[in-house]
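Analysis of the macromolecular model
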Amino acid sequence: MSDFPIVLSSSSVTTFLRCGQQWYLAYVEGVKSPPTLKQARGIAVHKAVEVNMAQKIDSFTDLPVADMIDAYSTSYDDVGSDGFDVSDKQMIGTVKDEGVKLVKLHAETVAPTIQPMFVERPVQFDLNGITFSGQVDIQDSDNRIRDTKTTARKPTGESYILNMTGYALAKRQLDGDVESDIVLDYLVATKSPYYLPIAAGGPVTDDQIVRFANVVESVAGSIRSGRFAPNGLVSGACSWCGYKAMCPAYDKRKLIEDPEFF
């Protein structure tokens, strides 16, 4: 049985579902894993959007594109200041340049359509005895909850419904009302980058809330019981996970596949 306090968030629940060993090394052992280039790009694009939206709450005006690119570049360099995942074979400059294009796309196509009311709003609430915390990325003037995501291929909305349900519940507890919609603002990093908004078309449903609560309770139960299943062997997370060099489950798999590994 684990004796450390359990405070969950959308990102930590997603990590646990992807791989229990990855969660344990990150959230219990506190091991810092170097980011992949695409992760650094996504974090930096998100930061550029945040910088613009935060000042727009009062200014009602978007920053110049050059200022957003500066915020992006600074964040990208900060994220990679300790180096990137050595298994990532992409070119650092190429991926960074792709991010600049995504920032321009957001500045020219997405930002002008959004008037934010709250940006990176901290939240924490109790879910059946489990502390759940996080930040609501953007709540706009139409009472929609929004999140900016970057991806290299055409996305589907189901990927982040768990996260958005958590944000919606937090917003309801803070404001005492129901969101009008949840929107994922996807910036797709293809050769010609494009914007793809995916909206639910209304508030999160009761069924989604029930599924969210069941998942969070299941994850919390596994953590309390000290069960950290190496799901990455099945989910494919081992292909990019920065912890695989120290993961017993990954080492065992390599030994089975290649007896000369050691």
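See the structure shown above.
Residues numbered from 1 in each chain as written. Predicted model: local features only at pLDDT ≥ 70, side-chain atom pairs only at ≥ 80, totals over all residues. Heavy atoms only, no water.

Right, let's get into the environment of Ser 235. Considering the arrangement of structural elements, one finds Ser 235 in helix H8 (residues 232–235). For Ser 235, a relative accessible area of 46% gives the class partly exposed. Spatially, the C-alpha atoms of Ser 235 and Arg 18 are 6.4 Å apart, while their sequence positions differ by 217 residues. (Helix = DSSP H or I, 4+ residues; strand = E, 2+ residues; numbered from the N terminus. Buried < 20%, exposed > 50% of the residue type's maximum accessible area, 1.4 Å probe, protein only.)

Viewed as axis vectors pointing N to C, helix H3 (residues 37–59) and helix H5 (residues 92–110) meet at an angle of 30 degrees, and their least axial separation amounts to 9 Å. Our classification of the angle between H3 and H5 gives roughly parallel. H3 and H5 meet at a crossing whose hand is right-handed. Along the contact surface, H3 presents Leu 37, Lys 38, Arg 41, Val 45, Ala 48, Val 49 and Met 53, while H5 presents Ile 92, Val 95, Glu 98, Gly 99, Leu 102, Val 103 and His 106. Of the residues assigned to the contact of H3 with H5, the class counts are 9 nonpolar, 2 polar and 3 charged. (Axes fitted to C-alpha atoms, helices over the stretch in contact; angles between N-to-C directions. Parallel < 35°, antiparallel > 145°, perpendicular 65-115°, else oblique. Left-handed = near helix turned anticlockwise from the far one by under 90°. Contact = heavy atoms within 4.5 Å. Nonpolar A, V, L, I, M, F, W, Y, C, P; charged D, E, K, R; others polar.)

This next bit is on the pattern of salt bridges. Charged atoms that come close allow side chains of opposite charge to pair. All told, the structure shown has 13 salt bridges when counted by the stated rule. With a closest N to O distance of 2.5 Å, Glu 98 and Arg 41 form a salt bridge. One end of the pair, Glu 98, is in helix H5; the other, Arg 41, is in helix H3, and 57 residues separate them in sequence. Residue class for Arg 41 comes out buried when judged on its relative accessible area of 3%. One salt bridge connects Arg 172 with Glu 179, and the closest N-O pair in it is separated by 2.8 Å. Glu 179 sits in the buried class, given a relative accessible area of 1%. Several salt bridges converge on common partners, so that one network encompasses Asp 140, Asp 142, Arg 144, Arg 146 and Asp 185. (Salt bridge = Lys/Arg side-chain N within 4 Å of Asp/Glu carboxyl O.)

Here we take up helix H2 (residues 20–28). What H2 keeps buried is the set Gly 20, Gln 21, Gln 22, Trp 23 and Leu 25. Looking one or two residues past H2, Gly 30 carries a phi angle of roughly 70 degrees, positive in sign.

Before going further, it helps to examine the packing of aromatic side chains. All chains considered together, the criterion is met by 9 aromatic pairs. Both rings, one in Tyr 72 and one in Tyr 76, keep their centres 5.9 Å apart while their planes meet at 40 degrees; by these two values the pair is tilted. With Tyr 72 and Tyr 76 both in helix H4 (residues 65–79) and 4 residues apart, the pair spans about one turn of that helix. With respect to class, Tyr 72 is no different from Tyr 76; both count as buried. (Phe/Tyr/Trp six-rings, centres within 6.5 Å; stacked < 30°, edge-to-face > 60°.)

What follows covers the packing of H3 against H4. Describing two packed helices takes the angle between their axes plus the distance from one axis to the other. Running from amino to carboxyl end, H3 crosses H4 at an angle of 140 degrees, the nearest separation of the two axes being 8 Å. As far as their axial angle goes, H4 and H3 are oblique. Relative to H4, H3 is oriented so that their crossing is right-handed. Side by side, H3 and H4 meet where Leu 37, Ala 40, Arg 41, Ile 43, Ala 44, Val 45, Lys 47, Ala 48, Val 49, Val 51 and Asn 52 of the first sit next to Met 68, Ala 71, Tyr 72, Ser 75, Tyr 76 and Val 79 of the second. Taken together, the residues of the contact of H3 with H4 break down into 13 nonpolar, 2 polar and 2 charged.

With 23 residues, H3 extends 33 Å from end C-alpha to end C-alpha; this agrees with the ideal 33 Å at 1.5 Å per step. Where H3 is buried, its residues touch H4, H5, strand S2 (116–127), strand S3 (130–140), strand S4 (144–151) and strand S5 (181–188). Positive backbone phi, at 60 degrees, marks Phe 60, one or two positions downstream of H3. (Expected span 1.5 Å × (residues − 1).)

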